[in-house]
Amino acid sequence: MEMITFVIPCYRSEKTIEKVVCEIINTVSERPSYDYEIILINDCSPDHVYRVIKNLAFGNKRIKAISLAKNKGKQAAVLAGYAVAKGQYIVNLDDDYQSPVYELWKLLDPVKADLCDYATASYYKKQQSAFKNLGSKINLCMLEMLLGKPKGLRFENFSVMKKFVRDEIINYKNPYPYLEGLVLGVTERIMTVPMEQRPRGDDNGSGFTFQKSFSLFLNGLTAFSVKPLRIASVVGVLFAIAGFAWGIYAVVNKLINPAVPAGYSSLAAILMFSNGLIMLMLGMIGEYIGRIYICMNDAPQYVVRETINLEAK
């Protein structure tokens, strides 16, 4: 009997997590040839979600609970679940009831048939704010430019992968995980499956704040590519050439027309712009160096406070 592992990071989902778990159990029961385990990760949720998770785990040994000691981001919480997953197929979904679990077989069947190694939902319409849609588009463009992601491919919050993909992903031990980059580094056999996304199952807003979104964007920008540094070098060369050309033009123009006044305003504007650009490039280099320093110190991806129904390592 093959096993499916469901990995669900939980944050501000006290009212929805039980509905998600019930839907998973009902969906898997449609095919008795599959067994299942559900790994619920409490990512330091400010509500009473861990109390709900513990009640679910105590009532069903197939439900495993992990409580993290500190919120280090959704990506780290997912990796905590991947690390203990035992299934031949690993399903990743959110805790807010938006993922249509009843569509599971549309994702699992092509993976099982070896048509792909990783299948992700492709929602006709995203049930999120215009601000988050804009952020998703920016992230999409970044992945295409920096990580070589196939054009049009979009990773969503509901996916299925083979075990070997999971095995390679958890080999990444650095404290700045970026799951989409990790998946793209493992396999090119990725499929998207169109489906409808549901509205949230509660009245909570997304816990993915601007700060968390920007942090995730920064991870993707610097974790798996040095292209930003190369772009900085090219921009620096272009500005140096432009400055040299501008200097020659100013000298020649002054020789031809001595009445031309010295331009203080234009000079000040050029200095402010160029200095700002230099600071931006230095900040980018500093970001890389800072991450190298933290990685050398072996900072943990996540810290587990407590587990339920998991074998002690």
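If you're wondering where the values come from, they're calculated on a predicted model, not measured in any experiment.

About the thresholds
- Residues numbered from 1 in each chain as written.
- Predicted model: local features only at pLDDT ≥ 70, side-chain atom pairs only at ≥ 80, totals over all residues.
- Heavy atoms only, no water.
- Helix = DSSP H or I, 4+ residues; strand = E, 2+ residues; numbered from the N terminus.
- Buried < 20%, exposed > 50% of the residue type's maximum accessible area, 1.4 Å probe, protein only.
- Contact = heavy atoms within 4.5 Å.
- Areas by Shrake-Rupley, 256 points an atom, 1.4 Å probe, with all protein chains shown as cover.
- Salt bridge = Lys/Arg side-chain N within 4 Å of Asp/Glu carboxyl O.
- Pairing = 2+ DSSP bridges.
- Patch = residues over 30% accessible without salt bridge, like charges linked within 9 Å, V, L, I, M, F, W, Y side chains within 5 Å.
- Polar contact = N/O pair within 3.5 Å; in protein donor to acceptor, adjacent residues only side chain to side chain.
- Axes fitted to C-alpha atoms, helices over the stretch in contact; angles between N-to-C directions.

Chemist: Just checking my understanding: could you explain the overall build of the chain for this structure?
Modeler: Helix and strand content of the chain: 10 helices and 8 strands. For the chain, buried positions account for 41% of its 313 residues. Here the analysis covers contacts within the chain between residues at least 6 apart in sequence; of these, 85% occur between residues at least 24 apart. Surface exposure of the chain reaches about 16,800 Å², of which carbon and sulfur atoms provide 62%.

Chemist: Just to check I follow, could you spell out the pattern of salt bridges for this structure?
Modeler: When charged atoms on two side chains of opposite charge get close, those side chains can pair. For the structure shown, the criterion picks out 15 salt bridges. Taking the shortest distance from any N to any O, the salt bridge between Lys74 and Asp94 comes out at 2.7 Å. One end of the pair, Lys74, is in helix H3 (residues 74-82); the other, Asp94, is in the loop between strand E4 (89-92) and helix H4 (104-112), with 20 residues separating them in the sequence. Between Asp114 and Arg189 there is a salt bridge, and its shortest N-O distance comes to 3.1 Å. Of this pair, Asp114 sits in the loop between H4 and strand E5 (118-123) while Arg189 sits in the loop between helix H7 (179-186) and strand E7 (190-195), and the two are 75 residues apart along the sequence. Judged by relative accessible area, Asp114 falls into the partly exposed class, the value being 42%. Taken together, the shared-partner salt bridges in this structure form one network comprising Asp114, Asp117, Lys162 and Arg189.

Chemist: Could you clarify how one ought to interpret the pairing of E4 in this entry?
Modeler: Along any regular strand, the residues point their side chains to alternate faces of the sheet. Residues of E4 alternate between two faces, with Tyr89 and Val91 on one and Ile90 and Asn92 on the opposite face, all of them buried. Bridging between strand E1 (residues 2-10) and E4 involves 4 bridges; their strand directions are parallel. Note that in E4 the partner of Ile4 across the bridge is Tyr89. Across 4 bridges, the pairing between E4 and strand E6 (residues 159-162) is antiparallel. Looking at E6, one finds that Asn92 is bridged to Ser159.

Chemist: I would appreciate a short explanation of a nonpolar patch on the surface in the present structure.
Modeler: A cluster of nonpolar side chains, namely Ile248, Val251, Val252, Leu255 and Ile256, defines an oily patch on the protein surface of about 500 Å² accessible area. Locating Ile248 in the fold gives a position in helix H9 (residues 227-256).

Chemist: Please clarify how the side chain of Asp94 should be interpreted in this entry.
Modeler: Residue Asp94 is classed as buried on the basis of its relative accessible area of 13%. One polar contact links Asp94 to Asn157, side chain to side chain, over a distance of 3.1 Å. Contacts of Asp94, omitting those with residues within four sequence positions, involve Ile8, Val20, Lys74, Ser99 and Asn157.

Chemist: Any chance you could explain the sheet that holds E1 here in plain terms?
Modeler: The pairing of strands in a sheet happens through backbone hydrogen bonds and is either parallel or antiparallel. Read from one edge to the other, the open sheet built from 8 strands follows the order E7-E5-E6-E4-E1-E2-E3-E8, with strand pairing classed as mixed. Two strands in the sheet have a free side with no partner beyond their single neighbour: E7 and strand E8 (304-308). The mean angle between the axes of side-by-side strands here comes to 20 degrees, regardless of whether they run parallel or antiparallel. Of the strand pairs in this sheet, strand E2 (residues 34-42) and strand E3 (residues 63-68) are connected by 5 bridges, and their pairing is parallel.

Chemist: Sorry, what's going on with the environment of Tyr82 here?
Modeler: Checked against the element boundaries, Tyr82 lands in helix H3. According to the relative accessible area criterion, Tyr82 is buried, its value standing at 2%. Taking the C-alpha atoms as reference, Tyr82 lies 8.4 Å from Ile169; in sequence the two are 87 residues apart. The contacts of Tyr82, once residues within four sequence positions are left out, are Val7, Ile90, Asn92, Met161, Arg166, Ile169, Ile170 and Leu179.

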